[in-house]
Amino acid sequence: MLVALLAEQGVTDPQGQLENYTFLWQAIALEHQSFQLKGQVQDPQGQSHELLVQARLQLASPKTLHLEDITLLGLPAIANRKLERLTVDLGEDVDLESLDLNNGELFCLGRVLIRP
């Protein structure tokens, strides 16, 4: 998700840039149709920073999620950013009928094809 967010912001080689950081995710909070991820990120110089990713989540189609009102704070080499929307393609093997986030719970109804 971080790679996609950074790419959407025009960051050059987001995968390569993130390889220089160490991530420790500490908490996830699920609210009404939104989530918040908190953690620590250690930069290439060894300094730790608080990390926050939050967004509203919406099922756009059975194979597509929309993240909206996205906030990304704490990656020191990348300015703190706010994005309007990111579309996530879940792939052909996913077919979701519903997705609901509410007060610490995630409810999902659909099908996923598991390939050998």
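Conventions used here
- Residues numbered from 1 in each chain as written.
- Predicted model: local features only at pLDDT ≥ 70, side-chain atom pairs only at ≥ 80, totals over all residues.
- Heavy atoms only, no water.
- Helix = DSSP H or I, 4+ residues; strand = E, 2+ residues; numbered from the N terminus.
- Buried < 20%, exposed > 50% of the residue type's maximum accessible area, 1.4 Å probe, protein only.
- Contact = heavy atoms within 4.5 Å.
- Lys, Arg positive; Asp, Glu negative; His and termini not counted.
- Charge placed at Lys NZ, Arg CZ, Asp CG, Glu CD.
- Salt bridge = Lys/Arg side-chain N within 4 Å of Asp/Glu carboxyl O.

**Thoughts on the overall build of the chain**
Okay, so step 1: When you go through the chain residue by residue, the secondary structure sums to two helices and seven strands.
Okay, so step 2: When the helices and strands of the chain are listed from N to C terminus, the series reads α-α-β-β-β-β-β-β-β.
Okay, so step 3: For the chain, the proportion of its 116 residues judged to be buried stands at 34%.
Okay, so step 4: Taking the contacts inside the chain whose residues are at least 6 apart along the sequence as the reference set, 36% of them involve residues at least 24 apart.
Okay, so step 5: Considering the chain, the positive charge centre built from 8 side chains and the negative charge centre built from 16 side chains are found 3 Å apart.

**Quick look at the pattern of salt bridges**
Where charged atoms of side chains with opposite charge meet at close range, the side chains can pair.
Okay, so step 1: Overall, the coordinates contain six salt bridges when judged by the stated rule.
Okay, so step 2: D93 is the partner of R115 in a salt bridge, and the nearest nitrogen-oxygen pair spans 2.8 Å. Of this pair, R115 sits in the segment after β7 (105-112) while D93 is found in the loop between β5 (81-89) and β6 (94-102), placing the two residues 22 residues apart along the sequence.
Okay, so step 3: By relative accessible area, R115 is classed as exposed at 56%.

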